[in-house]
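Each chain is listed here by its residues.
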Amino acid sequence: MLTASIRHIFNYASFGSRNFHLSVVLPAEPLKKKKRVDPQVELERIRKKTRRIEKEIKRLEQRGRYLKPLDEIEGERHFIKTLDSRERKLPAPSETEVEQRALLMKEWTRFKWRQLDTECQLLANQRRELYRAMQHLRMLDPSLFELATQPDESLLGLSLSGPLYTLPQSAEVFDAVDGDYRDVTPTYRYTFEVDKKMTFGKKK
Amino acid sequence: VAALWRSGSAATPGLTRSGRLLSVGLLIQRKAVLTPDLTELETRASDLFTRLDFERSRLSDFELRDRAESEAAKRSLSAAAEGKVQVARDGAVITAKDLMQRWAAEQQAVTLASREAADPSLKRPAVLLSTDADLCLPCCPVVDGDASLRAACDRLLELMGLTASCRLLGNAPVGLHTYKYKKSPVSLFLHRAIFTGADWRSAEASGSWKWVDADSLPGRVPDRRLLKKLRLLAAEF
């Protein structure tokens, strides 16, 4: 109805002789021409996608996830939310107790400073003794001196343990419990669906 | 062990450089086996730091659970005392208090070996010295066949039979001791070694060597200059 009226107006208008005409009103863009999908190309595209995902799984299983930088770690939200409820309600120490603690800390600080000073002097004396021995060796035999300055490769695998609080007990007296083992190996499971039409296989 | 050379006594032929006889000595150290006793000040400071850590800490999940269960138990007791009907909630079969009792019982079952019964010398580091009155440190001259001072030390360890249980630390000597033997000057280069064997008593099995701690050194080392050097090099940190 509308198009007919519009056509009528233009046909009998002053510029009708110019032969303007209107086609039917188009409500939408004309449909694009449907491309023919090559099944081989589509299959290749799906294979590439699955290969990419499998590669990512393999990488994650070998190296694990990328770790977050320490500066960005905000802590566990569960603990941050319950921080107020986790406060210990202990009585405040008395003035005597506070004074005793302060005096003990002063005494401890003095003791550790004296210990540090003694150890630094000991190290300096040992270094001086080593220097004197090496100077003497260089004076006597430069070739032996050169060999003595070489790094000792055998030190790399050296590991020492101890001291212990008590001597170890024999197995007859105390048999240590093995304890429980909880496997926390991370596993990754990715699921993706592939159109069955695009896969080769036995058809039902 | 024929190649062992007494400090200041009979010498075997060795390398000479600039008219001085070269020799190497081993300072074989054993680390402390047991932790030393804390002094009174250290004990008080340790207790204070433990107390401060506890005061500044927050409640753990287990302590929160224990607190919640205690409060629930109090409420149920008070409700029962008032005669109110309390709806029983589905709680854990094992409470936090039960777990604590179980752990305390397991801890009591473990008995540690007595520290008092152990040899007090195990609480201090020691040096391996000869049992012979004249001998002190194991040492031997550097001969033509030794490519370096380290090779001479390895040869000495082999002669002592401690190659498997001792590790030499570094190629450089850590100290020097000079003395005269029959008017010939001798340079004794001291090398540090550490005993890494499982049983420290195995080094004393032959009867020729003994572990000596720093307090007993004056009685074993007759040379005062060497004693001063040994005290410096064998000092513990």
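It should be emphasised that the depicted structure is a prediction, and the values quoted were computed from it without experimental measurement.

Trainee: Sorry, what's going on with helix α4 (residues 149–160) of chain B here?
Mentor: Since the α-helix advances by 3.6 residues per turn, residues separated by three or four positions end up pointing in the same direction. Residue and element names in this part refer to chain B. Helix length check: α4, at 12 residues, gives a terminal C-alpha distance of 17 Å against a target of 16 Å (1.5 Å per residue), a fit within 8%. Within α4 the residues assigned to the buried category are L149, R150, A152, C153, L156, L157 and M160. What you see down the axis of α4 is that its buried residues fit within an arc of 155 degrees, all on one side.

Trainee: When you look at the confidence of the model for chain A in this model, what are you seeing that I'm missing?
Mentor: The predicted coordinates should not be examined in detail at positions where pLDDT is low. Looking at chain A, the pLDDT average stands at 82 and 77% of residues meet or exceed 70. Across chain A, helix α4 (residues 95–140) of chain A holds the top mean pLDDT of 96, while helix α1 (residues 2–11) of chain A sits lowest at 53.

Trainee: Can you walk me through the packing of aromatic side chains in this structure?
Mentor: Pairs of aromatic rings are described using the distance from one ring centre to the other and the angle between the two planes. All names here are of chain B. Enumeration according to the criterion identifies four aromatic pairs over all chains in this entry. Judged by centre distance (5.2 Å) and plane angle (40 degrees), the rings of F62 and W103 are tilted. Of this pair, F62 sits in helix α2 (residues 61–82) while W103 sits in helix α3 (residues 96–109), placing them 41 residues apart in sequence. According to the relative accessible area criterion, F62 is partly exposed, its value standing at 22%. Taking relative accessible area as the criterion, W103 reaches 44% and is therefore assigned partly exposed. Ring plane angle 75 degrees and centroid distance 5.3 Å describe the contact between F195 and W211, whose orientation is recorded as edge-to-face. Of this pair, F195 sits in strand β7 (residues 184–195) while W211 sits in strand β8 (residues 209–213), and the two are 16 residues apart along the sequence. Here the basic side chain of R30 rests over the ring of W211, its NZ or CZ set 5.7 Å away from the ring centre. Over the aromatic face of W200 sits the side chain of R201, whose NZ or CZ is 4.4 Å from the ring centroid.

Trainee: I would appreciate a short explanation of α4(A) in the present structure.
Mentor: Relative to the 68 Å expected for 46 residues at 1.5 Å per residue, α4(A) spans 68 Å between its end C-alpha atoms, a close match to the ideal helical length. Among the residues of α4(A), those classed as buried are A:R101, A:L104, A:W108, A:F111, A:L122, A:Q126, A:E129, A:A133, A:M134, A:H136, A:L137 and A:L140.

Trainee: Sorry, what's going on with the pairing of strand β2 (residues 20–30) of chain B here?
Mentor: Looking down a regular strand, the side chains alternate between one sheet face and the other. All names here are of chain B. β2 sits mainly inside the fold: 11 of its 11 residues count as buried. Residues of β2 alternate between two faces, with R20, L22, V24, L26, I28 and R30 on one and L21, S23, G25, L27 and Q29 on the opposite face, all of them buried. Note that strand β1 (residues 16–17) and β2 share two bridges and pair antiparallel. In the strand pairing of β2, T16 is matched with L21.

Trainee: Got a minute to help me understand the interface of chain B and chain A in this structure?
Mentor: Counting residues at the interface gives 60 residues for chain B, matched by 47 residues for chain A. Across the chain B/chain A interface, buried area totals approximately 5100 Å², and carbon plus sulfur atoms make up 64% of it. Linking chain B with chain A are six salt bridges. Measuring nitrogen to oxygen at the nearest pair gives 2.5 Å for the salt bridge that ties A:R86 to B:D61. For the interface between chain B and chain A, the tally reads 19 residue pairs in polar contact (both at pLDDT 80 or more). If you list the elements that add at least two residues to the side of chain B that touches chain A, you get β2, α1 (40–56), α2, α4, β5 (166–168), β6 (175–181), β7 and α6 (224–233) of chain B. The element that contributes the greatest number of residues to the side of chain B that touches chain A is α1(B), accounting for 10 residues.

Trainee: Help me understand the pattern of salt bridges, please; the structure alone is not making it clear to me.
Mentor: Side chains that differ in charge, positive against negative, can pair when their charged atoms come close. Per the counting criterion, the structure on display carries 21 salt bridges over all chains. A salt bridge links B:E55 to B:R51, with the shortest nitrogen-to-oxygen separation between them at 3.1 Å. Here B:E55 pairs with B:R51, and both are found in helix α1, just four residues apart, close to one helical turn. For B:R51, a relative accessible area of 38% puts it in the partly exposed group. Linking B:R150 and B:D154 is a salt bridge whose minimum nitrogen-to-oxygen distance equals 3.6 Å. Of this pair, B:R150 and B:D154 both sit in helix α4, four residues apart, which is roughly one turn of that helix. One connected set of salt bridges, linked through shared partners, spans A:E97, A:R101, B:R51 and B:E55.

Trainee: Whenever I open this one, the pairing of β7(B) confuses me. Can you help?
Mentor: Residues and elements named next belong to chain B. For β7, the tally of buried residues reaches 10 of 12 residues, placing the bulk of the element in the interior. Alignment of β2 against β7, held across nine bridges, turns out to be parallel. The residue bridging L27 from the neighbouring strand is R192, located in β7. Examined bridge by bridge, β5 and β7 share three bridges and lie antiparallel to one another. Each bridged residue has a counterpart across the sheet, and for R167 the counterpart in β7 is I194. Sheet topology note: the β6/β7 ladder contains seven bridges and is antiparallel. Across the sheet, H177 pairs through a bridge with L188, a residue of β7. Connecting β6 to the next strand, β7, in antiparallel fashion are two residues, including K182 with a positive phi near 50 degrees.

Trainee: What should I look at first to understand the packing of α2(B) against α3(B) in this one?
Mentor: A packed helix pair is summarised by two numbers, namely the angle formed by the two axes and the spacing between the axes. Residue and element names in this part refer to chain B. Two numbers describe how α2 lies on α3: the axes approach to 8 Å, and their chain directions differ by 125 degrees. Taken together, the axis directions place α2 and α3 in an arrangement best described as oblique. Of the residues in α3, those in contact with F62, R65, D66, E69 and S70 of α2 are A96, K97, L99, M100 and W103. Counted by class, the contact of α2 with α3 contains five nonpolar, one polar and four charged residues.

Trainee: Would you explain a nonpolar patch on the surface in this entry?
Mentor: Side chains of A:Y165, B:V110 and B:L112 sit close together on the surface and give an oily, nonpolar patch of about 330 Å² of accessible area. With respect to the element layout, B:L112 can be found in the loop between α3 and β3 (126–130). Of the residues examined, B:L112 reaches a relative accessible area of 61% and is grouped as exposed.

Reading guide: rules and limits
- Residues numbered from 1 in each chain as written.
- Chains lettered and ligands numbered in written order.
- Predicted model: local features only at pLDDT ≥ 70, side-chain atom pairs only at ≥ 80, totals over all residues.
- Heavy atoms only, no water.
- Helix = DSSP H or I, 4+ residues; strand = E, 2+ residues; numbered from the N terminus.
- Expected span 1.5 Å × (residues − 1).
- Buried < 20%, exposed > 50% of the residue type's maximum accessible area, 1.4 Å probe, protein only.
- Arc of directions from axis to C-beta.
- pLDDT = per-residue confidence, 0-100.
- Phe/Tyr/Trp six-rings, centres within 6.5 Å; stacked < 30°, edge-to-face > 60°.
- Lys NZ or Arg CZ within 6 Å of the ring centre and 35° of its normal.
- Pairing = 2+ DSSP bridges.
- Contact = heavy atoms within 4.5 Å.
- Buried area = accessible area lost by both parts, 1.4 Å probe.
- Salt bridge = Lys/Arg side-chain N within 4 Å of Asp/Glu carboxyl O.
- Polar contact = N/O pair within 3.5 Å; in protein donor to acceptor, adjacent residues only side chain to side chain.
- Axes fitted to C-alpha atoms, helices over the stretch in contact; angles between N-to-C directions.
- Parallel < 35°, antiparallel > 145°, perpendicular 65-115°, else oblique.
- Nonpolar A, V, L, I, M, F, W, Y, C, P; charged D, E, K, R; others polar.
- Patch = residues over 30% accessible without salt bridge, like charges linked within 9 Å, V, L, I, M, F, W, Y side chains within 5 Å.
- Areas by Shrake-Rupley, 256 points an atom, 1.4 Å probe, with all protein chains shown as cover.

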